[in-house]
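Examining the three-dimensional arrangement
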Amino acid sequence: MQNEINNNIILDAVRKVGNVFLTDYKQNSIPQTMDELLKQLEDIDTLCLTSLKEDLSTEFPNTPWHIGDEFDTNSQRNPAEIEEYWLCDAMDGAIQYLQHIAGWTINLVLIRNGKPFFAVIYDPLANEMFWAQDGKGAFMNGESLKISRKTDPAVMLAVFEYGHQDKSNNNLNEKIGATVTKLLGNFGIVRNYGPHGLQLAYVGAGRIDLFVQEDIDTYNWIAGLLIAKEAGAEILTTTGNSWKWGSESLLVAQKNITEKYLQIKSSN
């Protein structure tokens, strides 16, 4: 395990594969069947991982890889029992990519001792590279990120998200619906954008004021969480507790906005 890492090698590897996907963007036939969808998703994973592993193997020869499957709820409850490993969401927003819609990124996180140590989110369409290192700040294209300083909810942009787990035998759909209702009644602008990690990076950049989700989605969150945290955002659950790996909800914003949201949530 290296105490110091070469940030540029990681950023260059992520940019390289992201730009490959950019060249191929809208060149695929939009999948019409489940078999076509799964095949194209598998091709995305294979291309992305092959490129990243090749470009990072020299600098990180002993660092293993773990694929973040957001459809596997149980695997998201705990980090892998490995001191250091790469956690790769080959393409966050892959459905948008296959549907020829904007809102897809390449996400990569270096996990060290059960916590994100270095995170990258690259948006090829916007040519924006977000990254953060634990304790060293968050950046976009070399510029330091800072969270929103708004105080009036009427001009705040709040976003809600949801995960892929089965919601047929629990009350998650009701909780998500209640969340959206609270947001619509109390914040000026409410959206659902798609790529979870990028939305969290946007919190870090001050573009989104509040991110909230009422289910577990660790793999989709983890890259953006470090970026938002290093930019100054609070990382909580929707009950107001500090978020930890395995938490089944997420609330991310500057401190006074999380306080406002928690007051709103607790009111009738």
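Right above here is the structure, for reference.
Residues numbered from 1 in each chain as written. Predicted model: local features only at pLDDT ≥ 70, side-chain atom pairs only at ≥ 80, totals over all residues. Heavy atoms only, no water.

Things to note about the side chain of Thr258
Among the secondary structure elements, Thr258 is positioned in helix 7 (residues 255–266). Contacts of Thr258, omitting those with residues within four sequence positions, involve Glu234, Leu236, Leu251 and Ala253. (Helix = DSSP H or I, 4+ residues; strand = E, 2+ residues; numbered from the N terminus. Contact = heavy atoms within 4.5 Å.)

Quick look at helix 4 (residues 172–186)
A rise of 1.5 Å per residue sets the reference length of helix 4, with its 15 residues, at 21 Å; its end C-alpha atoms lie 21 Å apart and thus fit the reference within 8%. The set of residues buried in helix 4 consists of Leu172, Ile176, Thr179, Val180 and Leu183. Buried residues in helix 4, looked at end-on, bunch into an arc of 95°, giving them a common side. For helix 4, exposure combined with an orientation more than 90 degrees from the buried face picks out Glu174, Thr181 and Gly185. Each element contacted by the buried residues of helix 4 is listed here: strand 8 (157–161), strand 9 (189–191), strand 10 (210–213) and helix 7. (Expected span 1.5 Å × (residues − 1). Buried < 20%, exposed > 50% of the residue type's maximum accessible area, 1.4 Å probe, protein only. Arc of directions from axis to C-beta.)

A closer look at the pattern of salt bridges
Applying the stated rule across the entire model yields 12 salt bridges. Ionic pairing is found between Lys229 and Asp134, a salt bridge with its closest N-O pair at 3.4 Å. Of the two residues, Lys229 sits in helix 6 (residues 218–230) while Asp134 sits in the loop between strand 5 (128–133) and strand 6 (138–140), which places them 95 residues apart along the sequence. Take Lys229: its relative accessible area is 40%, and that puts it in the partly exposed class. A salt bridge links Glu214 to Lys265; the shortest N-O distance between them is 3.5 Å. Here the residue Glu214 occupies a position in the loop between strand 10 and helix 6, and Lys265 occupies one in helix 7, the gap between them amounting to 51 residues. Classification of Glu214 by relative accessible area gives buried; the value is 4%. Taken together, the salt bridges that share partners define one network made up of Asp134, Lys229 and Glu230. (Salt bridge = Lys/Arg side-chain N within 4 Å of Asp/Glu carboxyl O.)

Looking at empty space enclosed by the protein
This structure, assessed with the given rule, holds one cavity of 30 Å³ or more. Roughly 40 Å³ of volume is contained in the largest cavity. Along the walls of the largest cavity sit Leu87, Asp89, Asn107, Leu108, Val109, Tyr219, Ile222 and Ala223, which together make up its complete lining. At the level of secondary structure, the elements contributing two or more residues to the lining of the largest cavity comprise strand 2 (84–92), strand 3 (105–112) and helix 6. Per-class residue counts for the lining of the largest cavity are six nonpolar, one polar and one charged. (1 Å grid on protein atoms, 1.4 Å probe; cavity = no way out; pocket = protein on both sides within 12 Å on 5 of 7 lines; lining within 4 Å. Points joined across faces, edges and corners; volume = space filled by probe spheres on them. Nonpolar A, V, L, I, M, F, W, Y, C, P; charged D, E, K, R; others polar.)

The quantities given are spatial measurements derived from coordinates; they are silent on function.
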